[in-house]
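Coordinates in review
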Amino acid sequence: MTTYLVTGGAGFIGSNFVRHLLTSEPDCRVVNLDKLTYAGNLGNLADLAENTRYRFVEGDICDRDLLEVLFTKEQFSAVVHFAAESHVDRSIHGPAEFIQTNIIGTFALLETARKYFESGQNQNFRFLHVSTDEVYGSLGETGLFSETTPYDPHSPYSASKASSDHLVSAYFHTYGLPTLMTNCSNNYGPYQFPEKLIPLIINNALQGKELPVYGDGKNVRDWLYVVDHCQAILTVLKSGRLGETYNVGGNSEKQNIEVVHTICDILDEVASPLPDNSSRRSLIRFVTDRPGHDRRYAIDASKIKNELGWEPTVDFSGGIRETVEWYLTNPEWVEAILSGSYRDYYDKMYKDR
Ligand code: NAD
Ligand code: TYD
């Protein structure tokens, strides 16, 4: 039986991926190693608690002893590495954890995987590192990020991810570790923590709270529905060429303000009206910009399409509607998330903006 190690599987993309993997491969087992930081939530995988092909391990990817025990016991066929500190704004206020988990943690995982691979326990072993398009920096009005675009990260988050990408690449070239890498654009969909633009706007708009738009709202992101990202990762894991990087994107560039307008309009249509009957667009507030805010991201995903046949299946208008409906129909999940430390985070980040 194939056994996968998924790191960070209690987070947004990781939890969607664990579910996708167990559904796509009826014979596999999945071990989910997650530290359960503020972003990790076992509620994201509550439906799998009884699944005998799924095992959750609470732990830190920086813990080499734990990693060695897990590799020896579970004899992994592949690692899919999501675990990271993932939010740009948090990295600006507190970069240390980004260095620790994203760089030191990835190094610990690579070292353990290298020892395991070199011991000959599994010759077909694969290590897939999940990364971001933010490592390429910022685009002007035109152009796309390709796999050969030079790295030029601008935030502590993207710099720490860039660093981990270089380590992964070094382990392929130096030690022959069978690595693969995906650099993906912005994801959206169910189970995303409401510090990120789309779920934050959905939740604030539902509660009639102000909708903070950074700067002039014209920064552009290339949005991809999370399940399409999961499918891309699985495709690369199965068929990607070792040592290669594949850019993954949604062909769906939107200015932030367009995204916010779309969410407001869907909620005006499907949710209870605001107490004063005004449109949710009236809640929009342009606030102080993020320092070093990248202007535009856009992905050239032709390599993964031409080599591996992957392309997105969910367009933004369908995906965003499904996402809004998911948040509407899962109020318990949202309430659990919005309690406690999230409030402190929100006040710190937005109060004086
Ligand atoms: P997330 O913040 O929702 O989840 C991260 C998960 O990692 C959490 O469950 C957290 O508990 C866990 N984690 C953090 N530190 C850990 C540690 N030291 N040991 C073990 N577990 C730890 O993030 P996400 O949005 O799901 O992103 C997952 C991965 O995908 C990240 O590597 C991110 O860089 C990458 N990525 C994200 C996006 C996006 O739009 N969200 C786009 C491209 C790439
Ligand atoms: P985010 O979801 O944090 O992803 P990233 O910074 O990794 O692209 O932000 C997406 C875009 O939305 C980005 O340009 C910043 C902007 N943004 C706002 O305008 N307001 C907000 O409250 C947040 C969280 C983000």
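The notes below deal with the structure included here. These figures come from a predicted structure and were not determined experimentally. (Residues numbered from 1 in each chain as written. Chains lettered and ligands numbered in written order. Predicted model: local features only at pLDDT ≥ 70, side-chain atom pairs only at ≥ 80, totals over all residues. Heavy atoms only, no water.)

**Description of the side chain of R296**
So the rule is basically this: Numbering goes from the N terminus for both helices and strands, where a helix is a DSSP run of H or I of at least four residues and a strand is a run of E of at least two. Per-residue accessibility, obtained with a 1.4 Å probe over protein chains only, is compared with the maximum for each type, and a residue is labelled buried under 20%, exposed over 50%, and partly exposed between these values. By definition, residues are in contact when any of their heavy atoms lie within 4.5 Å.
Within the secondary structure, R296 sits in the loop between β13 (284–287) and α9 (302–308). A residue is classified by how much of its surface remains accessible, and R296, at 8% relative accessible area, is buried. If near-sequence neighbours (up to four positions away) are discounted, R296 is found in contact with S138, L139, G140, E141, T142, G143, L144, F145, V220, R221 and E253.

**A short note on the nonpolar core**
What counts here: Grouping buried Ala, Val, Leu, Ile, Met, Phe, Trp, Tyr and Cys residues that are joined through side-chain atoms within 4.5 Å yields what is termed a nonpolar core.
Ranked by internal contacts, the top residues of the largest apolar core, which has 74 residues, are F17, I198, I263 and I304. With near-sequence residues (within four places) excluded, I263 lies in contact with I198, I201, I202, I320 and V324. Formed by 23 residues, the second largest nonpolar core is a distinct cluster that contains I61, F71, A83 and A113.

**Some thoughts on the sheet that holds strand β1 (residues 3–7)**
Quick note on the threshold: Should DSSP find at least two bridges between two strands, the strands are taken to pair. Axis definition: a line fitted to C-alpha atoms, over the contacting stretch in the case of helices. Angles run 0 to 180 degrees between N-to-C directions.
Strand order in the open sheet formed by seven strands is β3-β2-β1-β4-β5-β6-β11, with parallel pairing between adjacent strands. One side of each edge strand has no neighbouring strand; the edge strands of this open sheet are β3 (54–58) and β11 (245–248). Within this sheet the neighbouring strands show an average axis-to-axis angle of 20°, counted without direction. Strand contacts of helix α7 (residues 226–239): β1, β4 (78–81), β5 (126–132), β6 (179–184) and β11, with the helix running at about 145° to β5, the strand carrying the most contacts.

**Observations regarding the site of ligand 1**
Keep this limit in mind: Residues are labelled near a given molecule or strand when at least one of their non-hydrogen atoms is within 4 Å of it. Polar contact criterion, stated in full: a pair of N or O atoms within 3.5 Å, where within protein one must be able to donate a hydrogen and the other to accept it, and residues adjacent in sequence count only if both atoms are side-chain atoms. Note that Gly is not counted as nonpolar here; it falls among the polar residues with everything else outside the nonpolar set of Ala, Val, Leu, Ile, Met, Phe, Trp, Tyr, Cys and Pro and the charged set of Asp, Glu, Lys and Arg.
Every one of the 29 residues lining ligand 1 counts as a neighbour, but I13, D34, S86, Y157 and K161 are closest to it. I61 places a polar main-chain atom, nitrogen or oxygen, 3.0 Å from a nitrogen atom of ligand 1. It is β5 that provides the largest number of residues to the shell around ligand 1, a total of three residues. Looking at the shell around ligand 1 residue by residue, the classes come out as 12 nonpolar, 12 polar and five charged.

**Here we look at the site of ligand 2**
The condition that has to hold: For the accessible areas, the method is Shrake-Rupley and the probe is 1.4 Å, while residue cover comes only from the protein chains on display.
Residues in contact with ligand 2 amount to 18 residues; listed here are only the nearest, E134, R221, R290, H293 and Y350. Here L197 contributes a backbone N or O atom positioned 2.9 Å from an oxygen atom of ligand 2. Within the side chain of H293, one N or O atom sits 2.6 Å away from an oxygen atom of ligand 2. Starting from 510 Å² of accessible surface for ligand 2 in isolation, the protein chains cover 97%. Looking at the shell around ligand 2, the elements with two or more residues in it are α6 (197–207) and β8 (211–214). Take the shell around ligand 2: its biggest share by element is three residues, from β8. Of the residues contributing to the shell around ligand 2, the split by class is eight nonpolar, five polar and five charged.

**Observations concerning the pattern of salt bridges**
Quick reminder of the rule: Take a side-chain nitrogen of Lys or Arg and a carboxyl oxygen of Asp or Glu: if they are within 4 Å of each other, that pair is a salt bridge.
Under the definition given, this model contains 21 salt bridges. With its nearest N and O atoms 3.6 Å apart, the salt bridge here joins R241 to E244. Here E244 falls in the partly exposed class, since its relative accessible area comes to 23%. Between E311 and K305 there is a salt bridge; the shortest N-O distance is 3.6 Å. Overall, the relative accessible area of 41% leaves K305 in the partly exposed class.

Just distances and angles here, no functional claims.
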